[in-house]
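Notes for the structure review
Spelled out from the first residue to the last, the chains are:
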Amino acid sequence: MLKRLLLYFWVISIPLFLGLNAWQAARYYQLAEEVRRLEKVQQDQIEQNKRIVAGIAVLSGSERIAKIARDELLLQKKDPSEIMQIHIGKRTNQDG
């Protein structure tokens, strides 16, 4: 009776283990494909970030800003002799 019960157990468990193995393999390939897709998205975002940083470097160049200030805003550099500086600060009592 026990031998027959063990035989039934083996007959039922072998296809179950084979099915579980097939499911795990399918799930592994599905996850591997998802990882590849996410790595591609990450690489695309890194490339986009590099382009944005390069654009910022171009747009924030001092020569470009000076040209906009001069040509579009009609600003001009002042001679240092034309600049008056006013310092506002806390006075200290030197008398004691």
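Let me sum up the structure you'll find in this document. (Residues numbered from 1 in each chain as written. Predicted model: local features only at pLDDT ≥ 70, side-chain atom pairs only at ≥ 80, totals over all residues. Heavy atoms only, no water.)

1. A few points about unusual backbone geometry
Of note in this structure, Leu-74 is not a glycine but carries a positive phi near 55 degrees. Looking at the element boundaries, Leu-74 is found in the segment after helix H2 (62–71). (Helix = DSSP H or I, 4+ residues; strand = E, 2+ residues; numbered from the N terminus.)

2. Details of the packing of aromatic side chains
Any two aromatic rings considered together are summarised by their centre-to-centre distance and by the angle between their planes. Across all of its chains, the model carries two aromatic pairs by this definition. Between Phe-9 and Trp-10, the aromatic rings sit 6.1 Å apart at their centres with planes inclined by 75 degrees, giving edge-to-face as the arrangement. For Phe-9, a relative accessible area of 52% puts it in the exposed group. Taking the centre distance of 5.4 Å and the plane angle of 75 degrees together, the rings of Tyr-28 and Tyr-29 count as edge-to-face. Across the pair, Tyr-29 and Tyr-28 agree in class, each one exposed. (Phe/Tyr/Trp six-rings, centres within 6.5 Å; stacked < 30°, edge-to-face > 60°. Buried < 20%, exposed > 50% of the residue type's maximum accessible area, 1.4 Å probe, protein only.)

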